[in-house]
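So the chains spell out like this:
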Amino acid sequence: MKNQSFRFLWIGQSSANLGDVFYIVGIISVLYTLTESPFALALVPFINMFGRFISGMISPWLLNRFPLKTLLVYSQVCKTALLVVLSIMLIFETTSGLFIILMFVGSIAFLDGWAAPASHAMLPRLVPKEQLVKANSFFSIVSETVNLGGWALGGVAVALTSGQFVIFGTVGLYIIATLMMFGIYDPTPFRKKEMEGKRSSELTEGWQIIWRNPLFRSLHVIIIFEAIANVVWIASILYIFVSEVLGQTEAWWGYINTAFFLGMIIGGVICSRFVRGISTTVAYSVFIRH
């Protein structure tokens, strides 16, 4: 996996993912200082998730009509521009409105919604077929490591400086990600995919498959409810608990979030180690987990 474009892809995506964690940590800290409202804190990851959801809904339409590199570059350039404007507004205190801050959060999440599928679709084009499994594993490990360390580092950075400074520092990570995306060379020529029938069918095709399959439908209902619960737990309840009940700094919020992601990684390792036993009792395992 010595392909230079593959190196640009994973470095750029890792920088972007780390920046995403840092700026969310900074935004939550800023909003807590401004409002001291658990509801306001819960809105940040909720708006972030909702923006990604809407973007994910239209991503098939974009992936069929634009080159993958173009989507990655434009997504990161626009995200960087929005974060520069937001950081300047916060540093110079030209805005303290909850609605304006959440509007920036939703816009950045919307732009990021098609970056993940585009980067994963780009991966098979940059590495040989026999190395694809290794490349996917490496990509996944790097992504989980970034999530693992990002919350802890972000919490420590907020505790030592301020939420505004962390958001401004995230601009540097976004700039690195943008430069890496520009350096990617996609060897596969782009061919615009024309869909037969209604244009809306390409947006609903995947959802129709999920809805028609009872297993897929049940799993996605679980995922939706779990995502909503995690939004409230991570942002609203946990941040307030650390600050007011434990009387600790934002660093401990980062430590607890890191422990959560570490548990996910350990769980993944256990599942891969005992895959044969779990595969025969999948439904029971899911029930026990919830």
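Small disclaimer: the values here were computed from a predicted structure and weren't measured.

Engineer: Help me understand the overall build of the chain, please; the structure alone is not making it clear to me.
Structural biologist: Scanning the chain from N- to C-terminus turns up twelve helices and zero strands. Of the contacts made within the chain by residues no fewer than 6 positions apart, 84% connect residues no fewer than 24 positions apart. A total of about 16,300 Å² of accessible surface is found on the chain, and carbon and sulfur atoms cover 70% of it.

Engineer: When you look at the nonpolar core in this model, what are you seeing that I'm missing?
Structural biologist: One recurring pattern in soluble globular proteins: nonpolar side chains tend to sit buried together. Core analysis: the biggest nonpolar cluster contains 30 residues, and Tyr23, Ile27, Leu31, Val44, Leu83 and Leu90 have the highest contact counts within it. Where this core is concerned, the elements lending two or more residues are α1 (4-35), α2 (38-65), α3 (68-91), α4 (98-112), α6 (132-160) and α7 (163-182). In terms of residues, this core owes the most to one element, α1, which gives ten residues. Setting aside its immediate chain neighbours within four residues, Ile27 contacts Val44, Leu86, Leu90, Ile101, Val105 and Ile167.

Engineer: What am I meant to see in the packing of aromatic side chains here?
Structural biologist: Given two aromatic rings, one states the distance between the centres and the angle between the planes to describe the pair. This structure, assessed with the given rule, holds one aromatic pair. Where Phe110 meets Trp114, the ring centres are 5.7 Å apart and the plane angle is 85°; that geometry is what we call edge-to-face. Note on Phe110: relative accessible area 29%, which makes it partly exposed.

Engineer: Explanation requested: the packing of α3 against helix α5 (residues 115-126) in the structure shown.
Structural biologist: How two helices sit against one another is set out by the angle between their axes and by the gap between those axes. Axis separation between α3 and α5 bottoms out at 9 Å; the angle between their running directions is 140°. The angle between α3 and α5 falls in the class oblique. Considering only the axes of α3 and α5, their crossing is left-handed. The residues of α5 that touch α3, namely those facing Leu68, Lys69, Leu72 and Ser75, are Ala115, Ala118, Ser119, Ala121, Met122 and Arg125. Classifying every residue of the contact of α3 with α5 by side-chain character gives six nonpolar, two polar and two charged.

Engineer: What is the right way to read the confidence of the model for the chain from this model?
Structural biologist: Any segment with low pLDDT has predicted coordinates that should not be analysed in fine detail. The share of residues in the chain with pLDDT of 70 or more is 71%, and the mean pLDDT across the chain is 76. α7 holds the highest mean pLDDT among the elements of the chain, 89, whereas helix α12 (residues 282-289) holds the lowest, 49.

Engineer: Could you clarify how one ought to interpret the side chain of Gln76 in this entry?
Structural biologist: Looking at where Gln76 falls in the secondary structure, it is placed in helix α3. Discounting chain neighbours no more than four positions away, the residues touching Gln76 are Ala16, Tyr174, Ala177 and Thr178.

Engineer: Quick question: what am I supposed to make of the side chain of Asp20 here?
Structural biologist: Considering the arrangement of structural elements, one finds Asp20 in helix α1. For Asp20, a relative accessible area of 7% puts it in the buried group. Within the local environment of Asp20, its side chain forms a polar contact with the side chain of Tyr174, the two groups lying 2.4 Å apart. Ignoring sequence-local partners within four residues, the contact set of Asp20 consists of Arg52, Lys79, Asp112 and Tyr174.

Engineer: Looking at this structure, how should I read α5?
Structural biologist: Residues separated by three or four positions in an α-helix point in the same direction, a consequence of the helix having 3.6 residues per turn. Taking 1.5 Å of rise per residue, twelve residues should cover 16 Å, and α5 covers 16 Å from first to last C-alpha, within 8% of that figure. Turning to α5, its buried residues are Ala115, Ala118, Ser119, Met122, Leu123 and Leu126. Looking straight down α5, one finds that the buried residues subtend no more than 150° of arc, so they occupy a single side.

Engineer: Any chance you could explain the environment of Ser140 here in plain terms?
Structural biologist: Relative to the assigned elements, Ser140 resides in helix α6. Ser140 gets classed as partly exposed once you look at its relative accessible area, which sits at 42%. Measuring from C-alpha to C-alpha, the distance between Ser140 and Trp10 comes to 9.9 Å, with 130 residues separating the pair along the chain.

Cut-offs and rules
Residues numbered from 1 in each chain as written. Predicted model: local features only at pLDDT ≥ 70, side-chain atom pairs only at ≥ 80, totals over all residues. Heavy atoms only, no water. Helix = DSSP H or I, 4+ residues; strand = E, 2+ residues; numbered from the N terminus. Contact = heavy atoms within 4.5 Å. Areas by Shrake-Rupley, 256 points an atom, 1.4 Å probe, with all protein chains shown as cover. Core = buried A, V, L, I, M, F, W, Y, C linked by side-chain atoms within 4.5 Å. Buried < 20%, exposed > 50% of the residue type's maximum accessible area, 1.4 Å probe, protein only. Phe/Tyr/Trp six-rings, centres within 6.5 Å; stacked < 30°, edge-to-face > 60°. Axes fitted to C-alpha atoms, helices over the stretch in contact; angles between N-to-C directions. Parallel < 35°, antiparallel > 145°, perpendicular 65-115°, else oblique. Left-handed = near helix turned anticlockwise from the far one by under 90°. Nonpolar A, V, L, I, M, F, W, Y, C, P; charged D, E, K, R; others polar. pLDDT = per-residue confidence, 0-100. Polar contact = N/O pair within 3.5 Å; in protein donor to acceptor, adjacent residues only side chain to side chain. Expected span 1.5 Å × (residues − 1). Arc of directions from axis to C-beta.

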